[in-house]
Amino acid sequence: TQAQIGVTGLAVMGRNLARNLARNGFTVAVHNRTAARTDALVAEFGEEGDFVATRTAKEFVAALERPRRLVVMVKAGEPTDAVIDEFAPLLEPGDMIIDGGNAHFADTRRRERLLRERDLHFVGTGISGGEEGALHGPSIMPGGSAESYAVLGPILERIAAKAEDGTPCVSHVGPDGAGHFVKMVHNGIEYADMQLIGEAYQLLRDVAGYTPGRISDIFRTWNTGRLDSYLIEITAEVLAHVDEYTGKPFVDVVADAAEQKGTGRWTVQTALDLGVPVSGIAEAVFARSLSGHVPLREASRSLEGPTPRALSEEEAAAFADRVEQALYASKIMSYTQGFHEITAGAEEYGWGIDPGAVAALWRGGCIIRAAFLDRIRAAYDTRPDLPSLLSDATFAREVADAQDDWREVMVAATRQGVPAPGFAAALAYYDALRAERLPAALVQGQRDFFGAHTYRRTDREGSFHTLWGGDRSEVEA
Ligand code: NDP
């Protein structure tokens, strides 16, 4: 029998994806550069389904039914190109290479173009959910041609996570790099969500004076409301965990230097190129960089802060409720920014992405899965050309209702000297969008003064320049 699909690259992700496919009844050809991994997979999990173990690229390709569906789960970057170079010459027109690694969408666009010239489909596919997701059902974001999705989609729909209403968390995002682009922004939003949750924790600890155990209970309660999400759920778990060696809260023995693999950074770099303000996501990336900057932090430890002020038990409880409001409102800002980047990318690259469908496929399987995403989908369903999530009446109302508490939290953070860059950036974004007039008018004046860059007026069409070095009269540029 020939395999319906093949997976090459059998480290944690590839192995679990292959098992997920086999458990769902597909015959799966498996291959890895180092054959020991292939052998280990079959030895350990061969009972789970039909695997066809192959040793060489030729054997692997020969094991697949046509059109071939070949999933690549290798280390992103040069290894992906090496694997494509190895397999593409062995494939025939109509076959498809599905790259499930965390590739940069620009690389995916390049690879797709090259393979299209050879009549091969290249399906850059975002996969989220880590190793557990790969095994039990990830959120899957495939790009590539609609034609390839017609052949591949039914398989992906079987192995994807299912949202609460039973819909598989996979759909064709758009052509070429669209899938990897959306996965990138997913990760950017994930960075922002994690940072905001981190700030909420820090405020509850340093302003309210709560212990990690108590904060864990608060997160558990929040998880039963509108903040219901995987990240809040695991935060409660992490905060409740006690270190087995010292008996201290686990968070107190972990080095406070956050690492990153780069997808958050890509989200911000891409946003800079597209001219999309993603300040919340950027602050999250910067906060990780700052945390890991040991010399900078050591050199700054003697800087003075404000005089601390302890809250009464009643004040602390009221403050905790306010933090929930601030967290929720800030979260809406990060998603507003992330979805703005998606629509801007879709426009720049002609992808025609449906933002509501993106929200729908993040409802299950992925790290940012949350009840909240159903509401984002509903907002875009009601109005597909929604210019911003904040143009949706429900979200606008919720933020308006949260804002007094949100501002109070910022006052407390500032007064007590607790850094909350994510909350602050989110609030500044909200206030900037609300503003009737921005100081950008003054910036235009400055630019015209030193560089004759010209400006537009509010009352007349055209570009103008003031003769700053002369009699300061205005001329039409
Ligand atoms: P790794 O990223 O650690 O990659 C290891 C795999 O790549 C091994 O199978 C290795 O083969 C293979 N490989 C490396 N270099 C080459 C090469 N030059 N030629 C052929 N094969 C090569 O594995 P993961 O399972 O963690 O991740 C796989 C992909 O999935 C990555 O792109 C990752 O970014 C992405 N991803 C990972 C997630 C996670 O939670 N880990 C989540 C979502 C996506 P060998 O055994 O021979 O060394």
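Residue numbering note: each chain is counted from 1, following its sequence as written. Selection of residues for local features in this predicted model requires a pLDDT of at least 70, selection of side-chain atom pairs for listing and counting requires 80 or more, and totals for whole chains, interfaces and linings are taken over all residues. Only heavy atoms go into the side-chain values, all of them from the structure, while hydrogens and water stay out.

- Going by what an unreviewed UniProt entry lists, the protein is known as 6-phosphogluconate dehydrogenase, decarboxylating and is assigned to Nocardiopsis aegyptia.
- UniProt positions are given in the numbering used here, feature names are shortened, and annotations may be inferred rather than shown by experiment. The UniProt entry for the protein carries the following text under Function (unreviewed entry): "Catalyzes the oxidative decarboxylation of 6-phosphogluconate to ribulose 5-phosphate and CO(2), with concomitant reduction of NADP to NADPH."

## Structural notes on the UniProt feature "active site" (unreviewed entry) in the protein
Okay, step 1: Look at the UniProt record and you will see "active site" (unreviewed entry) annotated at Lys183 and Glu190.
Okay, step 2: Under the scheme used here, helices are H or I runs from DSSP no shorter than 4 residues and strands are E runs no shorter than 2 residues, and both carry numbers assigned from the N terminus. Residue placement: Lys183 occurs in helix H8 (residues 178-206).
Okay, step 3: Each residue gets one of three labels from its accessible area relative to the maximum for its type: buried under 20%, exposed over 50%, partly exposed in between, using a 1.4 Å probe on protein chains only. Owing to a relative accessible area of 6%, Lys183 belongs among the buried residues under this scheme.
Okay, step 4: In what follows, residue pairs with any heavy atoms lying within 4.5 Å of each other are defined as contacts. Every residue in contact with Lys183, bar those within four places of it in the chain, is listed here: Asn102, Gly126, Ile127, Ser128 and Met141.
Okay, step 5: Take Glu190: it is sitting in helix H8.
Okay, step 6: Glu190 gets classed as buried once you look at its relative accessible area, which sits at 14%.

## Thoughts on unusual backbone geometry
Okay, step 1: Note the cis peptide between Arg66 and Pro67, where omega equals -5°.
Okay, step 2: You can see Pro67 is positioned in the loop between helix H3 (57-62) and strand E4 (69-72).
Okay, step 3: Residues other than glycine seldom take positive phi values, yet Asp176 does so here, at roughly 30°.
Okay, step 4: We note that Arg472 has phi near 60°; this positive angle belongs to a residue other than glycine.
Okay, step 5: Relative to the elements of secondary structure, Arg472 occurs in the loop between strand E9 (463-466) and strand E10 (474-476).
Okay, step 6: Given a relative accessible area of 51%, Arg472 falls into the exposed group.

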